[in-house]
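Architecture and fold: a report
Listed here are the chains, written in short residue letters.
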Amino acid sequence: MGFMKAVMAGALVIGCSAALLAIERTTLPVFDVSDARGATVSSRTLVRAGTWLLVYVRPDCPPCDAILRSVDKDRDPALPSRIVVMVALSDSRLLPSIAERFPALAGAAWYADSSAGAQAMRVTDVPAVLGVRDATIEWSVGGVLTDAADITTIMAAWVKR
């Protein structure tokens with residue numbers, strides 16, 4: 001419960017422009033995304049053991065870029081490998097050029113979502129960060145953030161659990 005209090009406090013610090021989404025704990029829904037080679041990948045294969053993060057972004061979205069750039073692999077070396085980045089893209093061939101802009105996230109898993117994932121997870125605001133434990137979505141934050149570093153602190157604390 002202590003972590004959820006920290007998330008709630010973090011949401012207050014983040015500011016009014018972002019919202020801790022009111023979600024019930026739920027299993028990650030089944031949907032398909034594409035990898036960088038264009039292969040279809042089921043959301044079931046995105047699942048990691050323990051705590052991990054699903055970050056949903058759009059291309060050419062400055063607030064999305066701010067969250068992705070705020071990950072500091074030197075300060076939190078385990079963080080990138082615990083992140084799955086889903087980019088709202090219909091053409092997965094663009095995925096590598098987007099991922100290259102964020103070298104600190106080279107250890108993250110990157111996927112293109114034509115909209116099935118966003119719809120299945122009910123993501124309506126970007127950027128969206130979902131805290132997942134095994135295959136259960138525990139919490140999420142969505143929308144424009146006052147300071148991306150605030151959510152990065154929450155993200156790092158989540159994966160260290």
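Everything quoted here is computed from the prediction, not taken from an experiment. (Residues numbered from 1 in each chain as written. Predicted model: local features only at pLDDT ≥ 70, side-chain atom pairs only at ≥ 80, totals over all residues. Heavy atoms only, no water.)

**A word on the pattern of salt bridges**
Tallying each qualifying case throughout the model produces seven salt bridges. A salt bridge links aspartate 65 to arginine 101; its shortest N-O distance comes to 2.8 Å. With aspartate 65 in helix α2 (residues 62-70) and arginine 101 in the loop between α3 (95-100) and β7 (109-113), the pair connects residues that are 36 residues apart, well separated along the chain. Using a relative accessible area of 14% as the deciding quantity, one classes aspartate 65 as buried. Look at arginine 101 and you get partly exposed, because its relative accessible area is 32%. A single network of salt bridges, built from pairs that share partners, joins Arg25, Arg133 and Glu138. (Salt bridge = Lys/Arg side-chain N within 4 Å of Asp/Glu carboxyl O. Helix = DSSP H or I, 4+ residues; strand = E, 2+ residues; numbered from the N terminus. Buried < 20%, exposed > 50% of the residue type's maximum accessible area, 1.4 Å probe, protein only.)

**Things to note about unusual backbone geometry**
Negative phi is the rule for most residues except glycine; trans is the rule for most peptide bonds. For the bond running from valine 126 to proline 127, omega is -5°, close enough to zero to count as cis. One can find proline 127 in the loop between α4 (116-121) and β8 (128-133). The phi dihedral of aspartate 60 falls on the positive side, at around 55°, and the residue is not glycine. With respect to the helices, strands and loops of the structure, aspartate 60 is situated in the loop between β5 (51-57) and α2.

Function-wise, these values are silent; they only describe arrangement.
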